[in-house]
Amino acid sequence: MDGTSRWRENWRVAAPPGATRVDVPWSRQARADAAAMLRRLPEGTPVVLAARAPFGIRRSRNLADRAGVCVDAEYLALPTVERPAFLVEDHPASISYFLQALLTAPPAGRLTSVLTPAVRVARAVSPWRVVRLLSPGRVLVGRRA
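Per chain, the residues get numbers from 1 upward, laid out in the order the sequence is written. Reporting of local features is limited, given that this is a predicted model, to residues whose pLDDT is at least 70; pairs of side-chain atoms are given and counted only at 80 or more, and all residues count toward the totals for whole chains, interfaces and linings. Heavy atoms throughout the structure, all of them, feed into the side-chain values; hydrogens and water do not.

On to the overall build of the protein chain. Secondary structure is summarised from DSSP: a helix means a run of H or I of at least four residues, a strand means a run of E of at least two, and numbering begins at the N terminus for each. When helices and strands are counted, the protein chain shows six helices and five strands. Radius of gyration here uses only the C-alpha atoms, and the compact-globule reference equals 2.2 Å multiplied by the residue count raised to the power 0.38. For the protein chain, whose C-alpha radius of gyration is 16 Å, the value lies close to the compact-globule estimate of 15 Å for 145 residues. Exposure categories follow from relative accessible area, calculated using a 1.4 Å probe and restricted to protein chains: below 20% of the type maximum is buried, above 50% is exposed, and the middle band is partly exposed. When the 145 residues of the protein chain are sorted by exposure, 37% land in the buried category. Considering only residue pairs separated by 6 or more positions, the protein chain has 72% of its internal contacts joining residues 24 or more positions apart. It only takes one pair of heavy atoms within 4.5 Å for two residues to be counted as in contact.

So, in structure tokens, the structure goes:
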């Protein structure tokens, strides 16, 4: 398994064994279909909802509510929900720690000159609400209630 393939499974670190993963759809009708499928799962079944931005927070919580999923934890998936290198708990202290201690720009490359100042700004400002809204991915972990 190469590195890229392995990253696709990083969501499992935050999920209970045997969790059912559902990628949160964009359309309302597709979310209704996903909710119906989730409601058919037995009570207590571990569930992971993965949503891409924009509006990942709203769409994933909407699906959880409609499907009867009790949310135990919420994470920001960085750099993407498809291949998360980091799952950062959606909490001000966790996001602040991530920004201060872990977030860096790549040491070389075409985007380094743009990303380095962006990282400095994120560290200086670090409004956790803005970071969570701009996060490219969202992972909710819960269980079918």
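Below, the discussion takes up the pattern of salt bridges. The working definition used for a salt bridge is a side-chain nitrogen of Lys or Arg within 4 Å of a carboxyl oxygen of Asp or Glu. Counted under the stated rule, the structure contains seven salt bridges. For Arg-21, the salt bridge goes to Asp-23, with nearest N and O atoms at 2.7 Å. By relative accessible area, which is 24% here, Arg-21 ends up partly exposed. Notably, a salt bridge pairs Arg-138 with Asp-90, separated by 2.5 Å at the nearest N-O pair. Separated by 48 residues along the polypeptide, Arg-138 in strand S5 (residues 137-144) and Asp-90 in the loop between strand S4 (86-89) and helix H4 (92-102) bring together distant segments of the chain. One salt-bridge network, in which partners are shared between bridges, spans Arg-61, Glu-74, Asp-90 and Arg-138.

We now examine helix H3 (residues 56-67). Here the expected length of a helix is defined as 1.5 Å per residue gap, with one fewer gap than residues. The end-to-end C-alpha distance of H3, which contains 12 residues, comes to 16 Å, matching closely the 16 Å that a straight helix rising 1.5 Å per residue would cover. Buried residues of H3: Gly-56, Ile-57, Arg-59, Ser-60, Leu-63, Ala-64 and Ala-67, and no others. Its buried side turned inward, H3 meets strand S1 (20-23), helix H2 (28-39), strand S2 (46-52), strand S3 (69-78), helix H6 (128-134) and S5. Gly-68 lies just past H3 and shows a positive phi near 70°.

Take the packing of H2 against H3 next. Axes are the key here: two packed helices are described by the angle between their axes and the distance separating the axes. All axes are obtained by fitting lines to C-alpha atoms, using only the stretch in contact for helices, and the reported angles, taken between N-to-C directions, cover 0 to 180 degrees. Interhelical geometry of H2 versus H3 gives an angle of 45° and a closest axis separation of 8 Å. One finds that H2 runs oblique with respect to H3. The element H2 and its partner H3 pack so that their crossing is right-handed. Residues Arg-28, Arg-31, Ala-32, Ala-34, Ala-35, Leu-38 and Arg-39 of H2 pack against Arg-59, Asn-62, Leu-63, Arg-66 and Ala-67 of H3. Any residue that is not Ala, Val, Leu, Ile, Met, Phe, Trp, Tyr, Cys, Pro, Asp, Glu, Lys or Arg is counted as polar, Gly included; the first ten are nonpolar and the last four charged. Across the contact of H2 with H3, the residue classes break down as six nonpolar, one polar and five charged. Reported orientations rely on four angle classes, namely roughly parallel under 35 degrees, roughly antiparallel over 145, roughly perpendicular from 65 to 115, and oblique for the rest. Crossing handedness is defined as follows: a turn of the near helix away from the far one that is anticlockwise and smaller than a right angle gives a left-handed crossing, while the clockwise case is right-handed.

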